[in-house]
Amino acid sequence: MGLTYEEFKEKVSSRDSGFGDYGKIINDLSKLYNETEDFIFFYPRNLFNDKETRLIFFLKDGYLTIERVNEKIQYEQYKSKLLSKSLITDRYQYNEHLLKLRFDNGTEFIFSSTGDSDEYQVEYYTRAILDLYKII
């Protein structure tokens, strides 16, 4: 499995990982959600590369996205039903794996093990993509 939300919280709380900026998000989420019941799957897009980070949580009845907008943190929750999912895999864990999810509200997510991470995390993102395909 890729980086779980619990592992993410541990990395942030350790403060030596460079994730200190995410403490406020974790604090907000603990006040807004019942994390163990509401969150089905956590996908931290671009956490380990230089692209814009987007935290994506899949819920029982939709999804939640969290990202920085200017100097603010934006939380957007959508109640939506999954219409289709498409998975492209490779023989090796360190090569690109793609997952495309399409929802009834018109949103389409494309997850890429190589595009959403750095070269050192590709295998973890591959596992996350495969796990997300099974869970959702």
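Quick look at the structure, then. Here the structure is a predicted model, which means the values were calculated and not measured.

**Some remarks on helix H1 (residues 5-14)**
Of the residues making up H1, those classed as buried are Tyr 5, Phe 8, Lys 9 and Val 12. End-on, the buried residues of H1 take up no more than an arc of 100°, which puts them together on one face. The secondary structure elements touched by the buried residues of H1 are helix H2 (23-32), helix H3 (35-38), strand E1 (39-45) and strand E2 (54-59).

**A short note on the packing of aromatic side chains**
All chains considered together, the criterion is met by 21 aromatic pairs. Judged by centre distance (5.5 Å) and plane angle (90°), the rings of Tyr 43 and Tyr 125 are edge-to-face. Separated by 82 residues along the polypeptide, Tyr 43 in strand E1 and Tyr 125 in helix H4 (residues 122-135) bring together distant segments of the chain. Comparing Tyr 43 with Tyr 125, the two get one shared label, buried. For the ring pair Tyr 63 and Phe 109, a centre distance of 5.0 Å and an interplane angle of 85° mean the geometry is edge-to-face. Of the two residues, Tyr 63 sits in strand E3 (residues 62-69) while Phe 109 sits in strand E7 (residues 108-112), which places them 46 residues apart along the sequence. Three or more aromatic residues joined by ring pairs make a cluster, and in this case those are Tyr 43, Phe 48, Phe 58, Tyr 63, Tyr 78, Phe 103, Phe 109, Phe 111 and Tyr 125. Just above the ring of Tyr 133 sits the side chain of Lys 85; from NZ or CZ to the centre is 4.2 Å.

**Looking at the pattern of salt bridges**
According to the stated counting rule, one finds 6 salt bridges in the structure shown. A salt bridge links Glu 67 to Arg 54; the nearest nitrogen and oxygen atoms lie 3.6 Å apart. Here Arg 54 lies in strand E2 and Glu 67 lies in strand E3, a separation of 13 residues in the sequence. You can call Arg 54 partly exposed: its relative accessible area is 24%. A single salt-bridge network, built from bridges that share partners, covers Glu 6, Lys 9 and Glu 35.

Calculation rules
Residues numbered from 1 in each chain as written. Predicted model: local features only at pLDDT ≥ 70, side-chain atom pairs only at ≥ 80, totals over all residues. Heavy atoms only, no water. Buried < 20%, exposed > 50% of the residue type's maximum accessible area, 1.4 Å probe, protein only. Helix = DSSP H or I, 4+ residues; strand = E, 2+ residues; numbered from the N terminus. Arc of directions from axis to C-beta. Contact = heavy atoms within 4.5 Å. Phe/Tyr/Trp six-rings, centres within 6.5 Å; stacked < 30°, edge-to-face > 60°. Lys NZ or Arg CZ within 6 Å of the ring centre and 35° of its normal. Salt bridge = Lys/Arg side-chain N within 4 Å of Asp/Glu carboxyl O.

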